[in-house]
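One-letter residues, chain by chain:
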2 protein chains.
Amino acid sequence: MNMSAARGVRGTRERLVVIGGDAAGMSAASQARRLKGAEELEIVAFERGHFTSYSACGIPYWVGGDVPDRDQLIARTAEEHRARDIDLRMRTEVTEIDVAGGRVRARDVDSGAESWTSYDKLVIATGARPIRPDMPGADAPGVHGVQTLDDGQALIDTLARTRGRRAVVVGAGYIGVEMAEALINRGYEVTVVNRGSEPMSTLDPDMGRLVHEAMEGLGITMVNDAEVTKILTGEDGRVRAVATEAAEYPADVVVLGIGVRPETTLARAAGLPLGDHGGLLTDLAMRVRGHENIWAGGDCVEVLDLVSGQERHIALGTHANKHGQVIGTNAAGGYATFPGVVGTAVSKVCDLEIARTGLREKDARRAGLQFVTATIESTSRAGYYPSASTMTVKMLAERRTGRLLGVQIVGREGAGKRVDIAAVALTAGMTVEQMVSLDLGYAPPFSPVWDPVLVAARKAAKAVNAPLS
Amino acid sequence: MNMSAARGVRGTRERLVVIGGDAAGMSAASQARRLKGAEELEIVAFERGHFTSYSACGIPYWVGGDVPDRDQLIARTAEEHRARDIDLRMRTEVTEIDVAGGRVRARDVDSGAESWTSYDKLVIATGARPIRPDMPGADAPGVHGVQTLDDGQALIDTLARTRGRRAVVVGAGYIGVEMAEALINRGYEVTVVNRGSEPMSTLDPDMGRLVHEAMEGLGITMVNDAEVTKILTGEDGRVRAVATEAAEYPADVVVLGIGVRPETTLARAAGLPLGDHGGLLTDLAMRVRGHENIWAGGDCVEVLDLVSGQERHIALGTHANKHGQVIGTNAAGGYATFPGVVGTAVSKVCDLEIARTGLREKDARRAGLQFVTATIESTSRAGYYPSASTMTVKMLAERRTGRLLGVQIVGREGAGKRVDIAAVALTAGMTVEQMVSLDLGYAPPFSPVWDPVLVAARKAAKAVNAPLS
């Protein structure tokens, strides 16, 4: 059956097929539906798991008990999508994309039955898969990833069942530190085992050091420069400890938080273009490069870093949602773009707030940029105002041009979202000198008279203007 | 004595004279001193009051009891300035500027003695004066302004002395609402009498309405559309009530918070250029227009509104500090500019946060701009995260170009400083369509997956693109 015949069978109505029923895929489907009714556009979405449109970013807070009910993490259920005329097929895994034939093969996960579905337009939103260490014991009971709601439920079940009180978190990135908080909140003794020299490798080590100190202040044991070599199990087959070259850390439960990679197995097999980080490459309209009728978004794509001019892989719900919005608009015949990212991220561990945007020192070097740095300490509110807390702000600016390159912030309440000031300034290509006169919100309960970001900008501007030694 | 003779007497050292010892004046003096030592530059500063470099913005929190000690509001004392080789003359009021002669006449407030001081460079930082209503009873005991530390002390003394529990605040701008909070915190029954249709006339009335409702929720009685006609006194001569055309409001204490005007009496007498709002006009280096060796900054100048292209008067400590920094740099032979403001302001009343930047509807109309508006409700954190609070964001965008014109936010914790996102976007001249893809910090404790500001931008972008009806 050729494509035109396939279309003939379905009449004039176009069919949009979506692979992946989470943030990017279902945002795309919903936006396309908003713009085109069912009489014009048929939408079929395949999801291999049990849930749609959920907040994976919320899992640590559910595990930690801040969010009591799993269903609160589900923005929209399968039934709600179906009520909007989206033919959502749950527990159905796409196993092949036939680009030339304009069709996908899908398998019912439970029955194993397979069938082909043709498409006029295709959205690939296959997400990311967690990096699972290839080591003995990594699959033992009591060892958990926290990528999906199913993962989260399994971990919660383990926590409820085990009598133990010792948890080891492997990895000290966002997931690792958020899970450390969750486990602290559940009353565990928490050890974080980290390959890097400091936690939060998305920060420069000097700022990671502040996170390290603060985490220890919260009672978390941080083990840096430590590669996990195996996970040890007891006689019952369950995890009992985590081993590095140097030591063993007893554990009743282990959480793996060592990052994710784009899930592009299908795309690779279909010959679609992938970048250096293994993610799909798209144009600014989120179309897969060289493919007029295929879009991709969310954790399975690479995105343009507007500061370095290079492609990156960033798995983050906020990007996935924006991608979906752009894809849905374009797939429905509208026009929207996703110009790229500046690399903003914010996280917390108990009352510690950690934020970054733009380039770290090593990113800037890799991009061929020369830069100055400025690090300052200031407060979240006027110094005399009650509950003013200190924060450290580090700023990178390009030599000669003075262009802002990046900002990192470590502090307490009121520190994290200040990174947005820098995110917008980066997007606009501002210099640190221009930033000094930014008209930011000032009143004693909200900021010192010079906002901490401006204090950093002043110091960075001075460094840009200083004669080279 | 002519100028060159005056210089001859002092040798080759230049003299910088500063009129006004608060934020702008002393920032200028300090920055000039940082760049030039006492051997090159003599700095003489005149302050007619008892205090230097204090946070007038902090007075409501001192009165309310959040800041226990007045001295915490003083960033730098007279002694500290003198230790930095600034010849600070307290309780000394400049009574005349002789521009042609390059000198100022100053009077010792206590002794009444007058003398002339010549200058090579002059900084005018005379601040603002509160608008005092010209009505019977306005000077009665128990009626207080809150402009200076002396004002604040007098009010605190009254509060300590009076047995009463009823306070009336006249005016519902920033000072008015902050003083309402302060008096609530002191256990008073608070009535705010407001000339406008809603409190916070720096917001559009629809947003002011939200403030009105929230203030009533806090137990504050709001009386709108009410002009105070007189202040009634008892037999003891003290205030007993505030009268409007329609009613009388019993009061044991009255706080006047009806705004300020530039204090430019000296400048006007000296023939220096003033704008429509009565403030000094400067160039971008904060030089008084047409005068190579005179700078002015802080509450006594008008500033360029970068959005409307028109001059405005905004009395705000953060601007005064920036002006001082720029003036000090330039007066010491360096180079810095203050490009203008976008009109950002943020305030709180108990847990209510109020913020604005850019143009209101009426400002946009006055500037000749056509615009669309978008108002949305969202939350400060992911909806499922504990203590997520709702906020309302209103956005104005120019018709056709889609350029952001203004943002107003009313909400609870986490709402106010989000206005900074818009402040930077305004400065950069971004369109609301560009804002939709801003890479803002996202994690469930900090933001929904679409930040409220981006939700508003999406809606505004849609309105910009909608066909005109």
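Residues numbered from 1 in each chain as written. Chains lettered and ligands numbered in written order. Predicted model: local features only at pLDDT ≥ 70, side-chain atom pairs only at ≥ 80, totals over all residues. Heavy atoms only, no water.

1. As for the overall build of chain A
Secondary structure assignment for chain A yields 13 helices and 25 strands. In terms of C-alpha radius of gyration, chain A reaches 24 Å, essentially the compact-globule figure of 23 Å for 469 residues. Counting only C-alpha atoms and orienting by the principal axes, one finds that chain A spans roughly 70 × 60 × 40 Å. Here chain A holds 469 residues, and the buried ones make up 60% of them. Looking at chain A as shown, the accessible area adds up to about 18100 Å², and 47% of this sits on carbon and sulfur atoms. A distance of 2 Å separates the average location of the 53 positive side-chain charges in chain A from that of its 59 negative side-chain charges. (Helix = DSSP H or I, 4+ residues; strand = E, 2+ residues; numbered from the N terminus. Rg over C-alpha atoms; globule rule 2.2 N^0.38 Å. Buried < 20%, exposed > 50% of the residue type's maximum accessible area, 1.4 Å probe, protein only. Areas by Shrake-Rupley, 256 points an atom, 1.4 Å probe, with all protein chains shown as cover. Lys, Arg positive; Asp, Glu negative; His and termini not counted. Charge placed at Lys NZ, Arg CZ, Asp CG, Glu CD.)

2. Section: the packing of aromatic side chains
Here the structure, examined in full by the defined rule, presents four aromatic pairs over all chains. Ring geometry for A:Phe51 versus A:Tyr54: centroids 6.4 Å apart, planes at 80°, classification edge-to-face. Here A:Phe51 matches A:Tyr54 in class, with each residue buried. The side chain of B:Arg165 reaches across the aromatic face of B:Tyr188, ending 4.8 Å from its centre. Positioned above the aromatic ring of B:Trp450 is the side chain of B:Arg458, whose terminal nitrogen or guanidinium carbon lies 4.2 Å from the ring centre. (Phe/Tyr/Trp six-rings, centres within 6.5 Å; stacked < 30°, edge-to-face > 60°. Lys NZ or Arg CZ within 6 Å of the ring centre and 35° of its normal.)

3. Here's the deal with the sheet that holds strand 6 (residues 114-118) of chain B
Residues and elements named next belong to chain B. Pairing in this open sheet of three strands is antiparallel, and the strands run 4-5-6 from one edge to the other. Each end of this open sheet is capped by a strand with a single partner; those strands are strand 4 (92-98) and strand 6. Direction aside, the axes of adjacent strands within the sheet are offset by 30° on average. (Pairing = 2+ DSSP bridges. Axes fitted to C-alpha atoms, helices over the stretch in contact; angles between N-to-C directions.)

4. A few points about the packing of helix 2 (residues 23-35) of chain B against helix 9 (residues 317-331) of chain B
Residue and element names in this part refer to chain B. Where helix 2 meets helix 9, the closest approach of the two axes is 7 Å, and the angle between their N-to-C directions is 35°. With respect to the hand of their crossing, helix 2 and helix 9 are arranged in right-handed fashion. Counting all contacts with helix 2, which are made through Ala 23, Ala 24, Ser 27, Ala 28, Gln 31, Ala 32, Arg 34 and Leu 35, the residues of helix 9 involved are Ala 320, Asn 321, Gly 324, Gln 325, Ile 327, Gly 328 and Thr 329. Split by residue class, the contact of helix 2 with helix 9 holds seven nonpolar, seven polar and one charged. (Left-handed = near helix turned anticlockwise from the far one by under 90°. Contact = heavy atoms within 4.5 Å. Nonpolar A, V, L, I, M, F, W, Y, C, P; charged D, E, K, R; others polar.)

5. Considerations on the UniProt feature "domain: Pyridine nucleotide-disulphide oxidoreductase dimerisation" (unreviewed entry) in chain A
The residues that UniProt annotates with the feature "domain: Pyridine nucleotide-disulphide oxidoreductase dimerisation" (unreviewed entry) are residues 347-449 of chain A. Strand forms 35% of residues 347-449 of chain A and helix 19%; the C-alpha atoms that close the span are 26 Å apart. (UniProt positions renumbered as here; feature names shortened; annotations may be inferred.)

6. Some remarks on the UniProt feature "domain: FAD/NAD(P)-binding" (unreviewed entry) in chain A
Look at the UniProt record and you will see "domain: FAD/NAD(P)-binding" (unreviewed entry) annotated at residues 15-321 of chain A. Taken end to end, residues 15-321 of chain A is 23% helix and 28% strand, and its two terminal C-alpha atoms sit 22 Å from one another.

7. Observations regarding the packing of helix 11 (residues 419-427) of chain A against helix 11 (residues 419-427) of chain B
The N-to-C vectors of helix 11 of chain A and helix 11 of chain B enclose an angle of 20°; their axes lie 9 Å apart at closest approach. Overall, the two elements helix 11 of chain A and helix 11 of chain B adopt an arrangement that is roughly parallel. The crossing of helix 11 of chain A and helix 11 of chain B is right-handed. Note on element contacts: helix 11 of chain B touches helix 11 of chain A through B:Asp420, B:Ile421, B:Val424 and B:Ala425, opposite A:Asp420, A:Ile421, A:Val424 and A:Ala425. Broken down by class, the residue content of the contact of helix 11 of chain A with helix 11 of chain B amounts to six nonpolar, no polar and two charged. (Parallel < 35°, antiparallel > 145°, perpendicular 65-115°, else oblique.)

8. A closer look at the sheet that holds strand 15 (residues 248-250) of chain B
Within a sheet, adjacent strands bond to each other through the backbone by hydrogen bonds, running parallel or antiparallel. Residue and element names in this part refer to chain B. Pairing in this open sheet of three strands is antiparallel, and the strands run 13-14-15 from one edge to the other. Looking along the sheet, the strands with just one partner apiece sit at the ends: strand 13 (228-233) and strand 15. On average, each strand axis in the sheet is inclined to that of its neighbour by 25°, with strand direction left out of account. The pairing of strand 14 (residues 239-244) with strand 15 spans three bridges and is classified as antiparallel. Bridge pairing in strand 15 links Val 242 to Tyr 249.

9. Points about the relation of the copies chain A and chain B
At an RMSD of 0.0 Å, chain A and chain B line up after a rotation of 180° and a shift of 0.0 Å along the axis. The operation mapping one copy onto its partner corresponds to a two-fold rotation axis. Looking at chain A, 100% of its interface residues are interface residues in chain B too, so the copies touch through the same face. (Least-squares fit on C-alpha atoms with pLDDT ≥ 70 in both.)

10. Let's talk about the interface of chain A and chain B
Taken residue by residue, the interface counts 58 residues in chain A and 58 residues in chain B. Carbon and sulfur atoms make up 65% of the surface buried where chain A meets chain B, a total of about 4900 Å² over both sides. Among the residues of chain A in contact with chain B, A:Tyr384, A:Asp439 and A:Phe446 are the three that bury the most area, contributing 17% of the side total. At the junction of chain A with chain B, the criterion picks out two salt bridges. The partner of B:Asp451 in a salt bridge is A:Lys417, and the shortest N-O contact between them spans 2.7 Å. (Buried area = accessible area lost by both parts, 1.4 Å probe. Salt bridge = Lys/Arg side-chain N within 4 Å of Asp/Glu carboxyl O.)

11. Topic: the domain arrangement of chain A
Residues and elements named next belong to chain A. The assigned domain composition of chain A is domain 1 (3-129 + 261-331), domain 2 (143-258) and domain 3 (345-465). Relative placement of domain 1 and domain 2: their C-alpha centres are 31 Å apart. Summed over the shared surface of domain 1 and domain 2, the number is zero salt bridges. Where domain 1 packs against domain 2, one counts three residue pairs in polar contact (both at pLDDT 80 or more). Breaking the side of domain 1 that touches domain 2 down by element, the ones donating at least two residues are helix 3 (59-63) and strand 8 (128-130). A per-element tally of the side of domain 1 that touches domain 2 places helix 3 first, with five residues. Partitioning the side of domain 1 that touches domain 2 into residue classes produces 11 nonpolar, two polar and three charged. (Domains from an automatic or database assignment. Polar contact = N/O pair within 3.5 Å; in protein donor to acceptor, adjacent residues only side chain to side chain.)

12. Comments concerning the nonpolar core
Grouped together as the largest cluster of nonpolar side chains are 91 residues, with contacts concentrated most on A:Val104, A:Leu122, A:Ile124, A:Val192 and A:Leu280. Ranked by the residues each element gives to this core, the list is headed by helix 6 (residues 174-185) of chain A, at six residues. Counting residues in hydrophobic clusters, the runner-up holds 89 residues, among them B:Ala32, B:Val169, B:Leu272 and B:Met286. (Core = buried A, V, L, I, M, F, W, Y, C linked by side-chain atoms within 4.5 Å.)

13. Some words on the side chain of A:Asp451
By the element assignment, A:Asp451 lies in the loop between helix 12 (432-436) and helix 13 (452-465). Residue A:Asp451 is classed as buried on the basis of its relative accessible area of 2%. With sequence-adjacent residues up to four places away left out, A:Asp451 is seen in contact with A:Arg418, A:Ile421, A:Leu440, B:Lys417 and B:Asp420.

14. Points about helix 2 (residues 23-35) of chain A
Residues and elements named next belong to chain A. For helix 2, spanning 13 residues, the distance from its first C-alpha to its last is 18 Å, which sits close to the expected 18 Å at 1.5 Å a residue. In terms of burial, helix 2 is largely enclosed, as 11 of its 13 residues are buried. Along helix 2, the positions that sit buried rather than exposed are Ala 23, Ala 24, Gly 25, Met 26, Ser 27, Ala 28, Ala 29, Ser 30, Gln 31, Ala 32 and Arg 33. Where the residues of helix 2 are buried, they touch strand 1 (14-19), strand 2 (41-47), helix 4 (78-83), strand 3 (87-90), strand 7 (121-124) and helix 9 (317-331). (Expected span 1.5 Å × (residues − 1).)

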